[in-house]
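Breakdown of the fold
Next come the chains, spelled out residue by residue.
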Amino acid sequence: PKPQAGNPKPRVFRIPEQGVVINRYGFNSDGHAAVEKRLKGMQKYYELFRPGRIVGLNVGKNKTSPHAVRDYVQGIEALGPYADYLVVNVSSPNTPGLRNLQNEKELRELLGAVVAARDKLPKREPIDYFEQRQKRRDAHVWTLAYQLGIWPMEEKYDFRETSFSRPALPPVLVKIAPDVSPETLQGVATVVRDTKVDGVIISNTTIRRDFGFEHKNLQERGGLSGRPLKEMSTKVIGDFYKLTNGEIPIVGVGGVSSGEDALEKIKAGASVVQLYTALAYGGPGFVTKVKRELAAAMQTSGYSSVQEAIGADHRISGGAAATTPTTGGGGSSWFW
């Protein structure tokens, strides 16, 4: 909630040969008031560009705050109205004691309070894609591609046959570490179900360093992200999917550097895939590259849609599901 500078610099270290970043930012932030002012100032932009452009807000506690639950609730109350989804980050390794909030007792108290605060937010109006597109035309607000004479991608398709409606309240997701023990993961699964949290992001960075390569930056303290994290995060995704019977939507993240990597996350149980470190190395165009590779990988594997691939690793050879997914694992659209 309060401004904090984060950890002293330097606090970010790259290992390009391995596609790795180690960071110890320490939740550097201008604080709720400054962020809220910034978001308010961008409302006109959001009105024109929001369709299909999701704004997620990551909330956490101040480093020295003795009132973790209060800090998170204040974040929901102040910034929730501007978010398409809200992330409860209890897994950064750079804030002392933060990962203790993943323990069942502490997590239950925290998520219960967060969901209650979210439920009190003002209800949001649904987004009409065609109305928003017309607003962009009327305001002459176009992408650089349009200015260069390249027709915007969204204008090429007729969305009238597709229904996108975002929920009245922003979904709450909890972000967990890849280093969790099986016991802790079981507790997370139980609490997420009991508190009606909308989804889980798996995973944050790791504190592990035993990945079979050496580099001077490996000795730096902080969370490691990038390619070596892929197998760890994918395993936790699969374990969580099985623990929850595929009923809780999972956002898969960690070590995704290709479309094939993204498909691995989806087959393990992720409904959505995020990029972080690979995006830092590859730049904005990397997203398009991964999407094209994902489409090709799905075609090669015989999947006609992402939904069809979600949790495929947990189905028995005869085609029946090893679990009985009902909602989230089947491709829930709680983001919009």
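Bear in mind that the values here come from a model prediction, so they are computed numbers and not experimental data. Residue positions within a chain follow its written sequence, with the count starting from 1. The predicted origin of the model limits local features to residues at a pLDDT of at least 70 and limits the giving and counting of side-chain atom pairs to 80 or more, whereas totals for whole chains, interfaces and linings rest on all residues. The basis for the side-chain values is all heavy atoms of the structure; hydrogens and waters are excluded.

Turning our eyes to something else, we now look at the environment of Val 59. Note on conventions: DSSP H or I runs of at least 4 residues are helices, E runs of at least 2 residues are strands, and numbering of each starts at the N terminus. Relative to the helices and strands, Val 59 is located in strand 3 (residues 56-59). Relative accessibility decides the category of a residue: with a 1.4 Å probe and only protein chains considered, values under 20% of the type maximum give buried, values over 50% give exposed, and everything between is partly exposed. Taking relative accessible area as the criterion, Val 59 reaches 4% and is therefore assigned buried. Note: C-alpha distance between Val 59 and Val 90 (31 residues apart in sequence) is 9.1 Å. For this analysis, residues touch if any pair of their heavy atoms sits within 4.5 Å. Excluding anything up to four places from it in sequence, Val 59 contacts Tyr 72, Gly 75, Ile 76, Val 87, Val 88 and Asn 89.

Attention shifts here to the nonpolar core. The biggest cluster of nonpolar side chains holds 62 residues, and the ones touching the most others in it are Tyr 72, Val 88, Val 174 and Phe 240. In terms of nonpolar packing, the next biggest core, distinct from the first, is built from seven residues, Ile 15, Val 20, Ile 22 and Phe 213 among them. The set of buried Ala, Val, Leu, Ile, Met, Phe, Trp, Tyr and Cys residues whose side-chain atoms join them within 4.5 Å is what this entry labels a nonpolar core.

It is worth spelling out helix 4 (residues 104-119) at this point. One fewer than the residue count of a helix, multiplied by 1.5 Å, yields its expected span. For helix 4, spanning 16 residues, the distance from its first C-alpha to its last is 22 Å, which sits close to the expected 22 Å at 1.5 Å a residue. Of all the residues in helix 4, the buried ones are Leu 107, Leu 110, Leu 111, Val 114, Val 115, Ala 117 and Arg 118. Mapping the buried residues of helix 4 onto a view down its axis gives an arc of 160°, with all of them on the same face. Pointing more than 90 degrees away from the buried face of helix 4 are the exposed residues Lys 105 and Glu 109. Where the residues of helix 4 are buried, they touch helix 3 (68-79), strand 4 (85-89), strand 5 (172-176) and helix 7 (182-195). An arc is given here, and it is the one of the directions from the helix axis to the C-beta atoms.

Here we come to the environment of Val 287. If you trace the backbone, Val 287 turns up in helix 11 (residues 285-301). With 13 residues separating them along the chain, Val 287 and Gln 274 place their C-alpha atoms 9.6 Å apart. For Val 287, the residues in contact, after removing those within four places along its chain, are Leu 275 and Leu 279.

The rule for pairing is simple: two strands pair if DSSP sees at least two bridges between them. With antiparallel pairing, the three strands of this open sheet are ordered in space as 1-2-7. If you trace the sheet from one side to the other, it starts and ends with strand 1 (12-15) and strand 7 (223-226), each paired once. Between one strand axis and the next, the sheet turns through 20° on average, direction left out of account. In terms of strand pairing, strand 2 (residues 20-23) meets strand 7 through four bridges, oriented antiparallel. The residue of strand 7 that forms the bridge with Asn 23 is Gly 223. Note on definitions: angles span 0 to 180 degrees between N-to-C directions of axes, and those axes are lines fitted to C-alpha atoms, for helices only across the stretch in contact.

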